[in-house]
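Here are the chains, one letter per residue:
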Amino acid sequence: MQNHKRPASSLIFIFGGSGDLNFRKLSPALYNLFIDEWMPTKFSIVGIGRRPYNNEDYRKHLLNGVQQFSRRKEGETGAGKWQDFSKYVSYLQMDAEQDAEYQKIADIVKEKEKEFGEHPNVIFYLAVAPQLVPGIVSKLGPLNICADTKCTRVVVEKPFGHDLESALELNKLLASMFDEKQIYRIDHYLGKETVQNILAMRFANALFEPIWNRNYIDHVQITASETVGVEGRGDYYERAGALRDMVQNHILQILCMVAMEAPVNFEADEIRNKKVDVLNAIRKINTEDVHRYAVRGQYGDGWMQGDKVPGYAQEKSVDPNSKTDTFAAVKFYIDNWRWQGVPFYVRTGKRMHEKTTIVTVQFRPAPNYAFPAESADTWRPNRLTISIAPDMDIRLRFQAKRPGQDMTLKPVDMIFSYKDAYEEHEPEAYETLLLDVMEGNATLFMRSDQVQASWEIIKPIQDTWAARQPVDFPNYAPGSWGPEDAEALIARDGRNWVTLPAPHKE
Ligand SMILES: NC(=O)C1=CN([C@@H]2O[C@H](COP(=O)(O)OP(=O)(O)OC[C@H]3O[C@@H](n4cnc5c(N)ncnc54)[C@H](OP(=O)(O)O)[C@@H]3O)[C@@H](O)[C@H]2O)C=CC1
Ligand SMILES: O=C1O[C@H](COP(=O)(O)O)[C@@H](O)[C@H](O)[C@H]1O
């Protein structure tokens, strides 16, 4: 993690250049980096796919994506640079499964070397289905694009493997072709401004760290809920499910940011070491205890904000008898000095009540209540809520005296909101991550040991769920907060899930 500077000349190949991720996220992100003058002075972007596009049609297709999904649209104030940007974009039609086709890539690298007058960083972004990744990786390795290994980089999209075994296999293959420093395993949550801000809040302030431990914190919650269903991604989701899709990666990464020890610097390996320490300390759940620690769910049909919506099993490309989880909640414990005995409750799901990603740190109650007994009803322990999306704020709940002659108390929130504090618009996660790749900064990317540790944590849950089919699916209604069992998971401990207080909805 460092302050950015304009990266050295870069040649970016996007496998999956004709696909959805590039259309909705990567191209808009690169365009915004260009507007903000973060792109290198010499660069070229080559989208790769089998579909037949000429350069002109390809650029038109991408502009369409920018107009729909970019935070700044062409024609709006501050944008208007598509013509300039698109000159750097071209399309390469090739079948990535054919060895012979890779000569085309080697030829483009030579051509750009000449044009730039230097050897650029060569970035291969693999925005393709996971089953294509091993084949592409093993064909890219032998190309030996440049002698200096630092200049070739491979970006691997999620999902990184399907389970522990497949992730280990992919790590092994990548390691046989590239140095770990050349491999960028994306987790887009790490590019989110508010997720990075967890580190700023914890380690740039003296206020929180002394109380950031089992002596003061009762428990932590992480909720990542979505209102959307599977949005035409049934094919992928049938093989994934909520536990793999969100918990194994995004949620465990957020948990690491909340729970890690203070880094001594912000170098990539220092941060990643501290995070992997947390993952290694998470208690492995015994298979026979999984039902006490984890809950799964699947949404049925119903209504979302006045619209009739199908159940998961009726979605396109989904087996009508599907037992795939669209909701998962887990209680984790971290067996280390700081967090012993503090539960971390996490939950995620599709078609839930609202789109929100929040971290809640619930402090223990004050040790003694000396105020009049009548005010005890509204007495609440302190709570820190970090809203990651769509709201971006941090709120600290504390007790305050209600105005009047009586000493009555009421919990109030002290709020820091990005919207109110800053005029600048925050970059999208993919902007930050793509800039990091061009700069060669891997701090916000997953190292192989992190990926392995995350899969090890969820393996017992995965195995147990695979061995025992759920009998109650579908078990939650669209627009709800998930299955009743998820309420019971936390209620059994005398706690409840936190949803944001009313002000955030105003
Ligand atoms: N879409 C999203 O929002 C997100 C996607 N991801 C991940 O990104 C990856 C891509 O997803 P997405 O863009 O949605 O998938 P799409 O199905 O939309 O795109 C797949 C891409 O792969 C290309 N492709 C397939 N086979 C070949 C081949 N033999 N040779 C060359 N190109 C090929 C397709 O090109 P063509 O058809 O022209 O051959 C297309 O460009 C997946 O791993 C996904 O999990 C991660 C997070 C979010
Ligand atoms: O990686 C994924 O994340 C999205 C949610 O991302 P967000 O930035 O909108 O919170 C999720 O919809 C998708 O299923 C998953 O693959």
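Since the model is a prediction, treat every value here as computed from it, not as a measurement.

**Notes on the overall build of the protein chain**
Then, number 1: Helix and strand content of the protein chain: 15 helices and 16 strands.
Then, number 2: On C-alpha atoms alone, the protein chain measures out to a radius of gyration of 24 Å, which is about the 23 Å that the 2.2 N^0.38 rule sets for 506 residues.
Then, number 3: In terms of overall dimensions, the protein chain has C-alpha extents of about 80 × 50 × 45 Å along its principal axes.
Then, number 4: Looking at the 506 residues of the protein chain, the share that counts as buried comes to 54%.
Then, number 5: The long-range fraction of contacts in the protein chain, counting pairs at least 24 apart against all pairs at least 6 apart in sequence, stands at 77%.
Then, number 6: Looking at the protein chain as shown, the accessible area adds up to about 22700 Å², and 50% of this sits on carbon and sulfur atoms.

**Description of the nonpolar core**
Then, number 1: Counting 142 residues, the largest nonpolar core has Phe-15 and Ile-105 as its most contacted members.
Then, number 2: Here this core gets twelve residues from one element, more than from any other, and that element is helix α9 (residues 242-259).
Then, number 3: Both domains that furnish three or more residues to this core are identified here as domain 1 (10-157) and domain 2 (190-365 + 390-396 + 417-430 + 442-491).
Then, number 4: Contacts of Ile-105, omitting those with residues within four sequence positions, involve Phe-13, Phe-15, Ile-48, Leu-92, Met-94, Phe-124, Leu-140 and Leu-143.

**Let's talk about the site of ligand 2**
Then, number 1: Every residue close to ligand 2 is listed here: Lys-158, His-188, Tyr-189, Lys-192, Glu-226, Arg-233, Asp-245, Met-246, His-250, Lys-350 and Lys-355.
Then, number 2: In this structure, Lys-192 approaches ligand 2 through a side-chain N or O atom, which is 2.6 Å from an oxygen atom.
Then, number 3: One nitrogen or oxygen atom from the side chain of Arg-233 is found 3.2 Å from an oxygen atom belonging to ligand 2.
Then, number 4: Calculation on ligand 2 without its partners gives an accessible area of 390 Å², and the protein chains cover 82% of this total.
Then, number 5: Classifying every residue of the shell around ligand 2 gives two nonpolar, two polar and seven charged.

**Brief notes about the UniProt feature "binding site: NADP(+)" (unreviewed entry) in the protein chain**
Then, number 1: Taking the numbering used here, the UniProt-annotated feature "binding site: NADP(+)" (unreviewed entry) corresponds to Arg-50 and Lys-158.
Then, number 2: Mapped onto the elements, Arg-50 comes out in the loop between β2 (43-49) and α2 (55-69).
Then, number 3: Residue classification places Arg-50 among the exposed residues on the basis of a relative accessible area of 60%.
Then, number 4: Once residues lying within four places of it in the same chain are set aside, the contact partners of Arg-50 are Tyr-91, Gln-93, Met-94 and Asp-95.
Then, number 5: When you line up the elements, Lys-158 lands in the loop between β5 (152-156) and α6 (164-177).
Then, number 6: On the accessibility criterion, Lys-158 (23% relative accessible area) is partly exposed.
Then, number 7: A polar side-chain atom of Lys-158 sits 2.7 Å from the main-chain carbonyl oxygen of Asp-245.

**Concerning the site of ligand 1**
Then, number 1: Of all residues adjacent to ligand 1, which total 21 residues, the nearest are Ser-18, Asp-20, Leu-21, Arg-24 and Arg-50.
Then, number 2: A distance of 2.7 Å separates an oxygen atom of ligand 1 from a polar atom in the side chain of Ser-18.
Then, number 3: Val-128 places a main-chain nitrogen or oxygen 2.9 Å from an oxygen atom of ligand 1.
Then, number 4: Contact with the protein chains removes 82% of the 890 Å² of surface that ligand 1 exposes when unbound.
Then, number 5: Looking at side-chain class alone, the shell around ligand 1 contains eight nonpolar, five polar and eight charged residues.

**Quick notes on the packing of helix α5 (residues 133-140) against α6**
Then, number 1: Closest axis-to-axis distance for the α5/α6 pair is 9 Å, and the angle between their directions is 15°. By the angle between their directions, the pair α5 and α6 is classed as roughly parallel. Of the two possible hands of crossing, α5 and α6 adopt the one that is left-handed. Between α5 and α6, the residues in contact are Val-133, Pro-134, Val-137 and Ser-138 and Leu-170, Leu-173, Leu-174 and Met-177, respectively.
Then, number 2: A breakdown of the residues in the contact of α5 with α6 according to their chemical character gives seven nonpolar, one polar and no charged.

**Describing the side chain of Ser-454**
Then, number 1: Residue position: Ser-454 is located in helix α14 (residues 448-467).
Then, number 2: Classification of Ser-454 by relative accessible area gives buried; the value is 0%.

Rules used throughout
Residues numbered from 1 in each chain as written. Chains lettered and ligands numbered in written order. Predicted model: local features only at pLDDT ≥ 70, side-chain atom pairs only at ≥ 80, totals over all residues. Heavy atoms only, no water. Helix = DSSP H or I, 4+ residues; strand = E, 2+ residues; numbered from the N terminus. Rg over C-alpha atoms; globule rule 2.2 N^0.38 Å. Buried < 20%, exposed > 50% of the residue type's maximum accessible area, 1.4 Å probe, protein only. Contact = heavy atoms within 4.5 Å. Areas by Shrake-Rupley, 256 points an atom, 1.4 Å probe, with all protein chains shown as cover. Core = buried A, V, L, I, M, F, W, Y, C linked by side-chain atoms within 4.5 Å. Domains from an automatic or database assignment. Near = heavy atom within 4 Å. Polar contact = N/O pair within 3.5 Å; in protein donor to acceptor, adjacent residues only side chain to side chain. Nonpolar A, V, L, I, M, F, W, Y, C, P; charged D, E, K, R; others polar. UniProt positions renumbered as here; feature names shortened; annotations may be inferred. Axes fitted to C-alpha atoms, helices over the stretch in contact; angles between N-to-C directions. Parallel < 35°, antiparallel > 145°, perpendicular 65-115°, else oblique. Left-handed = near helix turned anticlockwise from the far one by under 90°.

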